[in-house]
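Here's the letter readout for the chains.
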Amino acid sequence: AQKITQTQPGMFVQEKEAVTLDCTYDTSDQSYGLFWYKQPSSGEMIFLIYQGSYDEQNATEGRYSLNFQKARKSANLVISASQLGDSAMYFCAIMSEAGSYQLTFGKGTKLSVIP
Amino acid sequence: EAEVAQSPRYKITEKSQAVAFWCDPISGHATLYWYRQILGQGPELLVQFQDESVVDDSQLPKDRFSAERLKGVDSTLKIQPAELGDSAMYLCASSLDGTVSQLYGYTFGSGTRLTVV
């Protein structure tokens, strides 16, 4: 079984500042993928970034980067230069690469960007 | 940009009534997922299809929920009878295949927000 833990129910960040959203995971798989999704109030889930368990370099996508620490089983999302439009729920998820390709999500963190 | 279409966007139903949700995945996507997201929680998988076949429905409450994808394209999720605890967002997602999913995740629809009164 796989599990994602997001311990920050809510976070505030000043516009233009950087923010880190925490995510720890538990899995018995050797090969897995870690994802971050953004969910605005409208409800859709927007894919942000992916990190494979064997990737040695941290993933980056524009203003998003994933701080992957495999030994600690953590996959924190860093958003640089926060914008008002970044206010949303953020979900960390894990996918087993053993065959089912199902995503297991955490409970999410609500990010609020303050002007 | 290709989208996963879901309808209705919102649904209010009385408990004990039947309700159905529809999902049309991105063309060519063989894998389709239905997730349920209770307010304040992350999405949880209900059922996974590969083409027209059910791959995993272990989390689907089969006494009241059913899902089908008859021609391997669009899919319908039904609840009968609806209960108050079924109030949630129902999200549909699709992916090309597992390999691609690892790189890009799934594509999710906008969801159906169900309220049972």
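Residues numbered from 1 in each chain as written. Chains lettered and ligands numbered in written order. Predicted model: local features only at pLDDT ≥ 70, side-chain atom pairs only at ≥ 80, totals over all residues. Heavy atoms only, no water.

## What to know about the environment of Val4(B)
Residues and elements named next belong to chain B. With respect to the helices, strands and loops of the structure, Val4 is situated in the segment before β1 (5-7). With a relative accessible area of 6%, Val4 lands in the buried category. For Val4, the residues in contact, after removing those within four places along its chain, are Cys23, Asp24, Pro25, Ile26, Cys92, Ser94, Thr107, Phe108, Gly109 and Ser110. (Helix = DSSP H or I, 4+ residues; strand = E, 2+ residues; numbered from the N terminus. Buried < 20%, exposed > 50% of the residue type's maximum accessible area, 1.4 Å probe, protein only. Contact = heavy atoms within 4.5 Å.)

## Quick notes on the state of the cysteines
As used in these notes, a disulfide is a covalent bond between sulfur atoms, one from each of two cysteines. Applying the stated criterion across every chain, the model contains two disulfides over all chains. With a sulfur-sulfur separation of 2.0 Å, Cys23(A) is cross-linked through a disulfide to Cys92(A). Handedness here is read from the sign of the S-S torsion; for Cys23(A) and Cys92(A), about -65°, the answer is left-handed. Taken together, the positions of Cys23(A) in the loop between β3 (19-21) and β4 (24-26) and Cys92(A) in strand β10 (residues 88-96) put the pair 69 residues apart, joining distant regions of the chain. Cys92(A) matches Cys23(A) in its accessibility class, with the two residues each being buried. Through a disulfide, Cys23(B) is tied to Cys92(B); the S-S separation comes to 1.9 Å. Of note, the bridge from Cys23(B) to Cys92(B) carries an S-S torsion of about -70° and is left-handed in sense. Of the two residues, Cys23(B) is situated in strand β3 (residues 19-24) and Cys92(B) in strand β9 (residues 88-95); the sequence distance between them amounts to 69 residues. Each of the two residues, Cys23(B) as well as Cys92(B), counts as buried. (Disulfide = S-S within 2.5 Å.)

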